[in-house]
Amino acid sequence: QVQLVESGGGLVQAGGSLRLSCAASGSFFSIKSMGWYRQAPGKQRELVAVIPSGGTTNYADSVKGRFTISRDNAKNTVSLQMNSLKPEDTAVYYCNALIVTMTLRSVEVWGQGTLVTVSS
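Residues numbered from 1 in each chain as written. Predicted model: local features only at pLDDT ≥ 70, side-chain atom pairs only at ≥ 80, totals over all residues. Heavy atoms only, no water.

Caption draft 1: Structural context of the pairing of strand β9 (residues 91-100). β9 sits mainly inside the fold: eight of its ten residues count as buried. Bridge count between strand β4 (residues 30-39) and β9: nine bridges; the pairing is antiparallel. The residue of β9 that forms the bridge with Arg38 is Tyr93. Inspection of the sheet shows β9 paired to strand β11 (residues 114-119) by three bridges, in the antiparallel sense. The residue of β11 that forms the bridge with Ala91 is Val116. Where β9 and strand β10 (residues 106-110) come together, five bridges link them in antiparallel fashion. Paired with Leu98 across the strands is Glu108, a residue of β10. Linkage of β9 to β10, two consecutive antiparallel strands, is achieved through a turn of five residues, within which Leu104 is found at a positive phi near 65°. (Buried < 20%, exposed > 50% of the residue type's maximum accessible area, 1.4 Å probe, protein only. Helix = DSSP H or I, 4+ residues; strand = E, 2+ residues; numbered from the N terminus. Pairing = 2+ DSSP bridges.)

This is the structure:
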């Protein structure tokens, strides 16, 4: 079983910063990509940022220039540095990973979610 454990959410004022972290644990062959999604109340889950293994990062237009995703392949972790936060960034943030299992199947795994609240 592969698990993603997130940390770092909380309450922050508009213009402030937060850093989210996510660690993958369990037995797997490799991780193809890691990223972050978010879901605001009454809205669909949306991509925030993704970083493939050895590839270029991809950001939602709404966070470009404010958020930075980074990955530590040796530790199987991914982080999201969020600066200049806005009230519209308020959402539950989910860590996501596309993992190759020991039997070489590709499996999508989700974290439990961490709440980010930005007050105006």
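Next comes the rest of the account.
Caption draft 2: Structural detail: unusual backbone geometry. Despite not being glycine, Asn76 shows a phi value in the positive range, around 55°. On the secondary structure map, Asn76 appears in the loop between β7 (67-72) and β8 (77-82).

Caption draft 3: Structural view of the sheet that holds strand β3 (residues 18-25). Across the sheet, which stays open at both edges, the four strands sit in the order β1-β3-β8-β7 with antiparallel pairing between neighbours. The open sheet has two free edges, formed respectively by β1 (3-7) and β7, since each of these has just one partner strand. Shown here is a sheet whose adjacent strand axes are inclined to one another by a mean of 15°, direction ignored. One ladder, built from six bridges, connects β7 with β8; its direction is antiparallel. When the sheet's bridge partners are listed, Arg71 is paired in β8 with Val78. (Axes fitted to C-alpha atoms, helices over the stretch in contact; angles between N-to-C directions.)

Caption draft 4: Here's a closer look at the state of the cysteines. Scanning the model with the defined rule gives one disulfide in all. At a sulfur-sulfur separation of 2.1 Å, the disulfide partner of Cys22 is Cys95. Between Cys22 and Cys95, the S-S dihedral sits near -85°, and the bridge is therefore left-handed. Of the two residues, Cys22 sits in strand β3 while Cys95 sits in strand β9, which places them 73 residues apart along the sequence. For the pair Cys22 and Cys95, one class covers both residues: buried. (Disulfide = S-S within 2.5 Å.)

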